[in-house]
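What the coordinates show
The lines below spell out each chain.
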Amino acid sequence: GFYLYLNSRSKQRYQELSKVLNQAAQGELHHRVTHIKGYGATSSVAWAINELLDFVETYFKEVKLCFQRVNKQDFSREAKTTGLPGDFSESLKSINIAIQAIKENAAFTEKNGLTSQIHDLNLQYLRRDLQQSESDVQSIQLDIADVDLIAKENNVVAQESSQSIKKMSDNL
């Protein structure tokens, strides 16, 4: 009787372990083996599965949170490696390095975007200034033409006056 009870209890525990592992394989990482009693082999396996699922769930939550923030251009949240062993921790450190690179690239792209906008504004003002300068040069050319015409008219008047003075002088 006692042996059948233990065998039935072990079978039930293995079924629970199998169920939790199958749920995890389907991406449902929040399930755990519960009501673990004793310190036997089955209990050790159950605790090990729960701990592994804790690590895996924490790892994926960290990754998800970090990349949700990155997608919103918020680079302030680094993946927390505390409490995660081995490859989990190392992978999160690599993700932090990648996030830093994305942050630097975003800053560089933004800087280049601003530089490009400033360049476009400079070109726009340069074109306007050149058009104004061209207009000013044309106005100056017209003024010079007017001054030249006045100078020529004054020259004619001065020659006429000189001839008149010469005639008067000759008549005296």
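Everything below is about the structure shown above.
Rules used throughout
- Residues numbered from 1 in each chain as written.
- Predicted model: local features only at pLDDT ≥ 70, side-chain atom pairs only at ≥ 80, totals over all residues.
- Heavy atoms only, no water.
- Helix = DSSP H or I, 4+ residues; strand = E, 2+ residues; numbered from the N terminus.
- Rg over C-alpha atoms; globule rule 2.2 N^0.38 Å.
- Buried < 20%, exposed > 50% of the residue type's maximum accessible area, 1.4 Å probe, protein only.
- Contact = heavy atoms within 4.5 Å.
- Core = buried A, V, L, I, M, F, W, Y, C linked by side-chain atoms within 4.5 Å.
- Phe/Tyr/Trp six-rings, centres within 6.5 Å; stacked < 30°, edge-to-face > 60°.
- Expected span 1.5 Å × (residues − 1).
- Salt bridge = Lys/Arg side-chain N within 4 Å of Asp/Glu carboxyl O.

Examining the overall build of the chain
When helices and strands are tallied, the chain shows three helices and zero strands. In sequence order, the chain lays out its α and β elements as α-α-α. In terms of overall size, the chain is more extended than a compact globule, its C-alpha atoms giving a radius of gyration of 45 Å where 172 residues would be expected to give roughly 16 Å. Along the first, second and third principal axes, the C-alpha set of the chain runs to 165 × 25 × 15 Å. Here the chain holds 172 residues, and 19% of them are scored as buried. Taking all contacts inside the chain whose residues are at least 6 apart in sequence as the whole, residues at least 24 apart take part in 51%.

Section: the nonpolar core
With eleven residues, the main nonpolar core is built from F55, Y59, V63, C66, V70, F75, A79, L84, L92, I95 and I99. Among the elements that line this core, the one with the most residues is helix α2 (residues 41-71), at five residues. For I95, the contacting residues outside a window of four places in its chain are Y59, V63 and F67. The next biggest cluster of nonpolar side chains, apart from the first, holds ten residues, and it includes V33, I36, I49 and L53.

Section: the side chain of S43
Relative to the helices and strands, S43 resides in helix α2. Setting aside residues no more than four positions away along its own chain, S43 makes contact with I36, K37 and G38.

Notes on the packing of aromatic side chains
Think of a pair of aromatic rings as described by two things: how far the centres are apart, and how the planes are tilted against each other in angle. The tally for this structure, following the rule as stated, stands at three aromatic pairs. Ring centres 6.1 Å apart and planes at 45° place the aromatic pair F55 and F88 in the tilted group. Taken together, the positions of F55 in helix α2 and F88 in helix α3 (residues 86-171) put the pair 33 residues apart, joining distant regions of the chain. For the ring pair Y59 and F88, a centre distance of 5.8 Å and an interplane angle of 55° mean the geometry is tilted. Of this pair, Y59 sits in helix α2 while F88 sits in helix α3; the two residues are 29 residues apart in sequence, bridging distant segments of the chain. Residue classification places Y59 among the buried positions, given a relative accessible area of 15%.

Quick notes on α2
Look at α2: 45 Å from first C-alpha to last across 31 residues, which is about the 45 Å you get at 1.5 Å a residue. Positive backbone phi, approximately 65°, marks Q73, located one or two places after α2.

Concerning unusual backbone geometry
At Q73, a residue that is not glycine, the phi angle is positive and equals roughly 65°. Within the element layout of this structure, Q73 appears in the loop between α2 and α3.

Topic: the pattern of salt bridges
Per the counting criterion, the structure on display carries six salt bridges. Between K61 and E57 there is a salt bridge; the shortest N-O distance is 3.3 Å. Linking K61 with E57, this pair stays in helix α2, spanning four residues, or about one helical turn. Judged by relative accessible area, K61 falls into the exposed class, the value being 53%. Take E57: its relative accessible area is 16%, and that puts it in the buried class. Ionic contacts of the salt-bridge type, sharing partners, join the residues R32, D54, E57 and K61 into one network.

Some remarks on the environment of Q100
Within the fold, Q100 resides in helix α3. Note on Q100: relative accessible area 36%, which makes it partly exposed. In the structure, Q100 is positioned 88 residues away from Q12 in sequence and 48 Å away in space, judged by C-alpha atoms.

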